Amino acid sequence: MQLASAIESKNATLSVKRRLACEQLSYFSQAHYCLSTCDNLNRYGKKHLSFLKWKYLEAKAAAYYYHGLITDKGTEPSCHISAVCCFLAAEEILTESKKACLNFCLTVPITRAPVAWGAMKHLNKKIPEIAAKKSQMYAYLLEEEKSLEVLPELPEFELSLKAEEYEMADKDGAWDSENWKIPNQTLKMHLTDDEEDD
């Protein structure tokens, strides 16, 4: 949400947007790691894992996109080549994230594919557009300097949000009891109850 707000803000610099994207990448990476180490993931756990992978890839695409925009501001040919590598990587990762979204939707329980929103609504258009534009613009440099075609490392930032330690409460004994039962109620009975309450 912070990244989406920064994209819409005229005052947010590219450095701020890159930092937020890199932080988002770290958070999703940590969440995916923590959940994947849990034993006996049920189907909802697997659904959460596929969601985290999808969002991790989106964050990575955003991070490379903004890193490329900053790198492209340099004056050396190597800066432009690094920027193009970032844009092409962002485009490739964005394609992977769309596949991860489909995988998320098809993981049980099956869900409908969501429309792009927030930062990705903007970046789904911009990343392919900028990748095509810049790779055409600097095609001559890419031909001349094949040795410089290396994807640069993303910068690592100290995370601004720290998770607090939390211990789960003990399970209530009622969950182990076989005596509780959810009463069956038809829609007609439910509507009749509502009328009586009025």
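Residues numbered from 1 in each chain as written. Predicted model: local features only at pLDDT ≥ 70, side-chain atom pairs only at ≥ 80, totals over all residues. Heavy atoms only, no water.

Q: Describe the packing of aromatic side chains, naming the residues involved and giving the relevant values.
A: Under the criterion given, the structure shown has 5 aromatic pairs. Their ring planes at 55° and their centres at 6.1 Å tell us that tyrosine 65 and phenylalanine 87 sit as a pair that is tilted. In this pair, tyrosine 65 sits in helix α3 (residues 43-71) while phenylalanine 87 sits in helix α4 (residues 77-106), placing the two residues 22 residues apart along the sequence. Taken individually, tyrosine 65 and phenylalanine 87 each receive the classification buried, so the pair is uniform in this respect. One aromatic cluster is present, built from ring pairs that chain together Phe51, Trp54 and Phe104. Residue placement shows lysine 47 over the ring face of phenylalanine 104; its charged tip is 4.3 Å from the ring centre. (Phe/Tyr/Trp six-rings, centres within 6.5 Å; stacked < 30°, edge-to-face > 60°. Helix = DSSP H or I, 4+ residues; strand = E, 2+ residues; numbered from the N terminus. Buried < 20%, exposed > 50% of the residue type's maximum accessible area, 1.4 Å probe, protein only. Lys NZ or Arg CZ within 6 Å of the ring centre and 35° of its normal.)

Q: How would you summarise the side chain of serine 97 if you had to cite specific residues and measurements?
A: Positionally, serine 97 belongs in helix α4. Accessibility expressed as a relative area gives 2% for serine 97, which makes it buried. Polar contacts involving the side chain of serine 97 include one to the main-chain carbonyl oxygen of leucine 94, which spans 2.7 Å. Apart from residues lying up to four places away in sequence, serine 97 is in contact with Trp54, Leu57 and Glu58. (Polar contact = N/O pair within 3.5 Å; in protein donor to acceptor, adjacent residues only side chain to side chain. Contact = heavy atoms within 4.5 Å.)

Q: Pulling in residues and values, what's your account of a nonpolar patch on the surface?
A: Residues Leu102, Leu106, Val108 and Ile110 make up a contiguous nonpolar surface patch of about 400 Å² in total accessible area. Within the secondary structure, isoleucine 110 sits in the loop between α4 and α5 (119-137). Isoleucine 110 sits in the exposed class, given a relative accessible area of 62%. (Patch = residues over 30% accessible without salt bridge, like charges linked within 9 Å, V, L, I, M, F, W, Y side chains within 5 Å. Areas by Shrake-Rupley, 256 points an atom, 1.4 Å probe, with all protein chains shown as cover. Salt bridge = Lys/Arg side-chain N within 4 Å of Asp/Glu carboxyl O.)

Such coordinate-based values are descriptive only and should not be taken to indicate function.
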